Amino acid sequence: MLEGQESSSSSSYEDVEGNGGSRKGGRYGFVSDFLARLEHYTWANYTFPMSTGGIALLLAEQGFIFPGLQTIGKVVYVFDLVIFTLTTAAITYRFVKFPGTLKASITHPTEALFMGTSTLSVASIIAGIARYGIPSCGPWLVTVYRVLFWIYFLVTFILAVGQYSLLFTSPLLRIQDMTPAWDLPIFPFMLSGTVASSGAAFQPPNEAIPMIIGGLTAQGLGMCLSIMMYASFYTMRADANKFAASYVRRMIQWGFPSPNSRPGMFIAVGPPSFTSLAIIGLANDFPQHYNYFGADSVTIQVLRVLATFASIFIWSLSLWFFCISVVANLAVRKQLTFHLNWYAYVFPNVGFTITTIAIGKNLQSRGIMGIGSAMTLLLIAMWVFVFIHHVKAIINREILFEGKDEDVYVNEKNHAHVKPIKNGSDIEKEA
């Protein structure tokens, strides 16, 4: 039977070769194989356009500029649009070609967390309109921006509520698996603040104020929820004293996440960074001729001073998470294999870098802006590094392959670096 199959396979190959179509047959086989691999094209693939869009925004926010910088930013922005379109086409093909994968992706304890990266990519695109589109187009794009902002605001809030409802009720996701990726469902709504700070300055005063208030509301909710995710809390039960731990407490109890999950630790840098950025941006965009709080000259001055100091206060938290994440990743640098969460090396740190530059601008500090420029060069180099490994991983079937992607559950307590758990008697003996 096996010989017959081999003979049949051989004869069919010879037929193709005999027709002068061996190259066509090989090409068809490559395409069909790649399309079959798209069954594992997860939501996490949106981390690629998300990070690319972040780089485009970063180039537009530099403290020190040179001729051609705006053009480079526009090229990166257009490239991001192409990547986003191709990513959307690929994941749509997956859901259509492989029935059931859409529902599975939304309910999967790991992949579902990355659903937010799709709307984060949209946030980068919308914010890019303010930086690269509006200055070159007519007032019609200002109206389009406003409409897109409110659509984004509403959709991301609904998605955040829905995703956390599934997260809180899923029996497959356990507290020991807590990583900063749990913050991703609220991340897109939180970035409404960043989107608002990018475009409010172009809006008429009567439209800018609602956008600023809406953006601040979203940013506040996202930051507060992130703090609750990262902080510790306890639950007491009648039968035993047990605790539930979020991110920081989870690390105290079980140590850092598994090596391949550690790039995702940089996600924790994002909420305080983007919150600081939004506070500064929204204060700077507060419109003239509003006069609700009194003379605009005094109101805007007070807002900018408070925003600058509050942003520095919050920015310090992102610095701490950044340093912890660097240490954790360097400790296992030889054990890391490429996963799409490597793009967390880029996007959250985009917010960290832009905020640093914004603080430097408000303080009129060339030194801080210079540090921001150096961070920008490092981030661009990191994006290139991750992109090269991304391409290699696709070619070598390290991703887009059975058991290699985010559609596979990872137990964060089952790895070599987890802390040994001591029982109560051991702790009492040590005390």
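Residues numbered from 1 in each chain as written. Predicted model: local features only at pLDDT ≥ 70, side-chain atom pairs only at ≥ 80, totals over all residues. Heavy atoms only, no water.

Peer 1: What is the right way to read the overall build of the chain from this model?
Peer 2: Scanning the chain from N- to C-terminus turns up 16 helices and two strands. Counting across all 431 residues of the chain, residues that qualify as buried make up 48%. Looking at the chain alone, contacts between residues at least 24 apart form 80% of all its contacts between residues at least 6 apart. Only carbon and sulfur atoms are counted for the fraction: they give 67% of the accessible area of the chain, which is about 21200 Å². (Helix = DSSP H or I, 4+ residues; strand = E, 2+ residues; numbered from the N terminus. Buried < 20%, exposed > 50% of the residue type's maximum accessible area, 1.4 Å probe, protein only. Contact = heavy atoms within 4.5 Å. Areas by Shrake-Rupley, 256 points an atom, 1.4 Å probe, with all protein chains shown as cover.)

Peer 1: Is there a simple way to think about the nonpolar core in this case?
Peer 2: Grouped together as the largest cluster of nonpolar side chains are 88 residues, with contacts concentrated most on I55, Y145, F187, L191 and F338. The element contributing the most residues to this core is helix α7 (residues 140–169), with nine residues. Those residues in contact with L191, other than ones at most four positions away along the chain, are L120, A123, Y152, Q219, F274 and F347. (Core = buried A, V, L, I, M, F, W, Y, C linked by side-chain atoms within 4.5 Å.)

Peer 1: What's the story with a nonpolar patch on the surface in this structure? I'm lost.
Peer 2: Taken together, the side chains of L154, F157, I158, V161 and L221 present a nonpolar region at the surface, about 440 Å² in accessible area. At four residues, the largest contribution of residues to the nonpolar patch is made by α7. Mapping L154 onto the fold places it in helix α7. (Patch = residues over 30% accessible without salt bridge, like charges linked within 9 Å, V, L, I, M, F, W, Y side chains within 5 Å. Salt bridge = Lys/Arg side-chain N within 4 Å of Asp/Glu carboxyl O.)

Peer 1: Hey, could you run me through the packing of helix α4 (residues 69–97) against helix α6 (residues 116–133) in this one?
Peer 2: It is the contact of α4 with α6, at a shortest axis distance of 11 Å, that shows an interaxial angle of 150 degrees. Note on packing geometry: the crossing formed by α4 with α6 is left-handed. Note on element contacts: α6 touches α4 through S118, S121, V122, S124, I125, G128, I129, R131 and Y132, opposite Q70, G73, K74, Y77, D80, L81 and F84. In the contact of α4 with α6, the residues fall into seven nonpolar, six polar and three charged. (Axes fitted to C-alpha atoms, helices over the stretch in contact; angles between N-to-C directions. Left-handed = near helix turned anticlockwise from the far one by under 90°. Nonpolar A, V, L, I, M, F, W, Y, C, P; charged D, E, K, R; others polar.)

Peer 1: Got a minute to help me understand the layout of surface pockets in this structure?
Peer 2: It is the rolling of a water-molecule-sized probe over the atoms that shows where space remains empty. What the second largest pocket holds in volume is close to 480 Å³. The wall of the second largest pocket is formed by 19 residues, among which F266, V326, Y345, N349 and M382 lie closest to the centre. Residues belonging to the lining of the second largest pocket are distributed by class as follows: 14 nonpolar, four polar and one charged. (1 Å grid on protein atoms, 1.4 Å probe; cavity = no way out; pocket = protein on both sides within 12 Å on 5 of 7 lines; lining within 4 Å. Points joined across faces, edges and corners; volume = space filled by probe spheres on them.)

Peer 1: Can you help me understand the confidence of the model for the chain in this one?
Peer 2: Regions with low pLDDT should not have their predicted coordinates read in detail. On average, residues of the chain carry a pLDDT of 82, and 80% of them reach 70 or more. Between residues 1–23, whose pLDDT stays under 50, and residues either more than four places distant or in other chains, the model counts four contacts. The low-confidence segment residues 232–245, where pLDDT is below 50, has 17 contacts with residues more than four positions distant or belonging to other chains. (pLDDT = per-residue confidence, 0-100.)

Peer 1: What exactly am I supposed to notice about the environment of F114 here?
Peer 2: Within the element layout of this structure, F114 appears in the loop between α5 (101–107) and α6. Looking at F114, the relative accessible area reads 9%, which means it is buried. With 68 residues separating them along the chain, F114 and Y46 place their C-alpha atoms 8.2 Å apart.

Peer 1: Would you mind going over the side chain of H390 with me for this structure?
Peer 2: Within the element layout of this structure, H390 appears in helix α15 (residues 366–395). Filtering out sequence-adjacent residues up to four positions away, H390 remains in contact with N45, F48, F338, L340, Y343 and I399.

Peer 1: Got a minute to help me understand α6 in this structure?
Peer 2: Counting along an α-helix, one turn takes 3.6 residues, and residues three or four places apart therefore face a common direction. Here α6 spans 25 Å end to end across 18 residues, near enough to the 26 Å set by a 1.5 Å rise per residue. Across the 18 residues of α6, 16 count as buried, placing the element largely inside the fold. (Expected span 1.5 Å × (residues − 1).)

Peer 1: Sorry, what's going on with empty space enclosed by the protein here?
Peer 2: Under the counting rule described, the total for this entry stands at two cavities of 30 Å³ or more. Counting residues per element, the ones that place at least two in the lining of the largest cavity are α3 (47–60), α6 and α14 (347–362). Its residues assigned to classes, the lining of the largest cavity comprises eleven nonpolar, three polar and no charged. For the second largest cavity, the calculated volume is near 30 Å³. Looking at the second largest cavity, the residues that line it are G116, T119, T156, L159, Q163, P185 and P188. Among the secondary structure elements, those contributing two or more residues to the lining of the second largest cavity are α6 and α7. Broken down by element, the residue count for the lining of the second largest cavity peaks at three residues, all from α7. Here the residues of the lining of the second largest cavity are counted per class, giving three nonpolar, four polar and no charged.

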